[in-house]
Amino acid sequence: MPQDLKRSLSGIYRRLFSRFGRQRWWPGETPFEVMVGAILTQNTAWTNVSKAIENLRRAGLLDPFRLDQVPLARLASLIRPSGYFNQKAKRLKIFVRYYVASYSGDIGRFRRMPPGKLREELLALSGIGPETADSILLYAAGKPVFVVDAYTRRILARHGFIRWEAPYDEIKALFMRHMPHKTILFNEYHALIVALGKDLCRRTCPQCHQCPLRQVGKLRLETPPAPLQ
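Here the structure is a predicted model, which means the values were calculated and not measured. (Residues numbered from 1 in each chain as written. Predicted model: local features only at pLDDT ≥ 70, side-chain atom pairs only at ≥ 80, totals over all residues. Heavy atoms only, no water.)

## Structural notes on the nonpolar core
In plain terms, the rule: We define a nonpolar core as any set of buried Ala, Val, Leu, Ile, Met, Phe, Trp, Tyr and Cys residues linked to one another through side-chain atoms lying within 4.5 Å. Relative accessibility under 20% of the residue-type maximum defines a buried residue, over 50% an exposed one, and the middle range a partly exposed one, all with a 1.4 Å probe and only protein chains included. What makes two residues a contact is simply this: any of their non-hydrogen atoms within 4.5 Å.
Residues L56, F95, F110, L122, F175 and Y189 are the most contacted members of the largest nonpolar core, which totals 73 residues. Once you skip the residues sitting within four places of it in the chain, Y189 turns out to touch L9, I12, Y13, L16, F146, F175 and M179.

## Focus on the packing of helix 8 (residues 115–123) against helix 9 (residues 130–140)
For clarity, the threshold we go by: Axes here mean lines fitted to C-alpha atoms, for a helix over just the part in contact, with angles spanning 0 to 180 degrees between N-to-C directions. Only DSSP runs of H or I with at least four residues qualify as helices, and only runs of E with at least two residues qualify as strands; both kinds are numbered from the N terminus onward. We call two directions roughly parallel when the angle between them is under 35 degrees, roughly antiparallel when it is over 145, roughly perpendicular when it lies between 65 and 115, and oblique otherwise. Crossing handedness is defined as follows: a turn of the near helix away from the far one that is anticlockwise and smaller than a right angle gives a left-handed crossing, while the clockwise case is right-handed. Classification used: nonpolar for Ala, Val, Leu, Ile, Met, Phe, Trp, Tyr, Cys and Pro, charged for Asp, Glu, Lys and Arg, polar for all others including Gly.
Look at helix 8 against helix 9: their axes get within 9 Å of each other, and the N-to-C directions meet at 135 degrees. What the angle tells us is that helix 8 and helix 9 run oblique. Along this stretch, helix 8 crosses helix 9, giving a crossing that reads as right-handed. Seen from helix 8, the contacting residues are P115, L118, R119, L122 and L123; seen from helix 9, they are P130, A133, D134, I136 and L137. Looking at the contact of helix 8 with helix 9, its residues break down into eight nonpolar, no polar and two charged.

## Quick word on the packing of aromatic side chains
Which entries qualify depends on this criterion: Side-chain rings of Phe, Tyr and Trp (the six-membered ring for Trp) are treated as a pair once their centres are within 6.5 Å; stacked means planes under 30 degrees apart, edge-to-face means over 60, and tilted covers the remaining angles. Each ring is checked for a lysine NZ or an arginine CZ that lies within 6 Å of its centre and within 35 degrees of its normal; such an atom marks a charge sitting over the ring.
Under the counting rule described, the total for this entry stands at 16 aromatic pairs. Considering the side-chain rings of W25 and W26, the 5.4 Å spacing of their centres and the 35 degrees angle between planes classify their relative orientation as tilted. Look at W25 and you get partly exposed, because its relative accessible area is 25%. By relative accessible area, which is 12% here, W26 ends up buried. A ring pair is formed by W26 and Y139, whose centres lie 5.2 Å apart and whose planes are at 55 degrees; its orientation type is tilted. Within this pair, whereas W26 is found in the loop between helix 1 (2–20) and helix 2 (31–40), its partner Y139 is found in helix 9, the two being separated by 113 residues in sequence. Here the aromatic cluster, defined as three or more aromatic residues joined through ring pairs, consists of Y13, F17, F146, F175, F186 and Y189. In this structure, R19 is placed above the aromatic ring of F20, and the distance from its NZ or CZ to the ring centre is 5.8 Å.

Below is the structure:
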């Protein structure tokens, strides 16, 4: 079974890459911008996050030290397009305080830490869950960790590889155990899953006839339970 699963996961990657091509994700100019985006993208579409990040860029606040010093109310008003802006402003403040206090806002120092240690620290911060922590580790710190999101769960469950209710770390372990630990691979794989989930494997009315994975696994066309975690 492990060997079959390894072949299946590798086959899914090849099919997705053939269909969608290189994704060049995460769209951020600096590692710190990626960190900010990972927090802002919680419970909202990336188009909304882009507007919030552009507001921060115009205000000169895509810098850990400046963001650490900006008043909370000012920060909340700038990130309003991302939704839940008061809550997210507090989360950003907590993260930036940690980043500045623990690593002097230095991405080099941050990246030199073992991924397990960084993940433990991130998960201890209010408002940062496994998906956000792993997004920061993969896309900002360049660590070979796989990011699981709602698209990953939906696609794997519909093709019979996991249970709908499988916990985050169980789904992540499938990739960590059966795929090479390469940052560029995990980056591209997750981005391709997002492309499939957005374009074809929708929560309702999935476009299965166009799906490059239509012959992979045992297709089950149930609608995901709501809310999808």
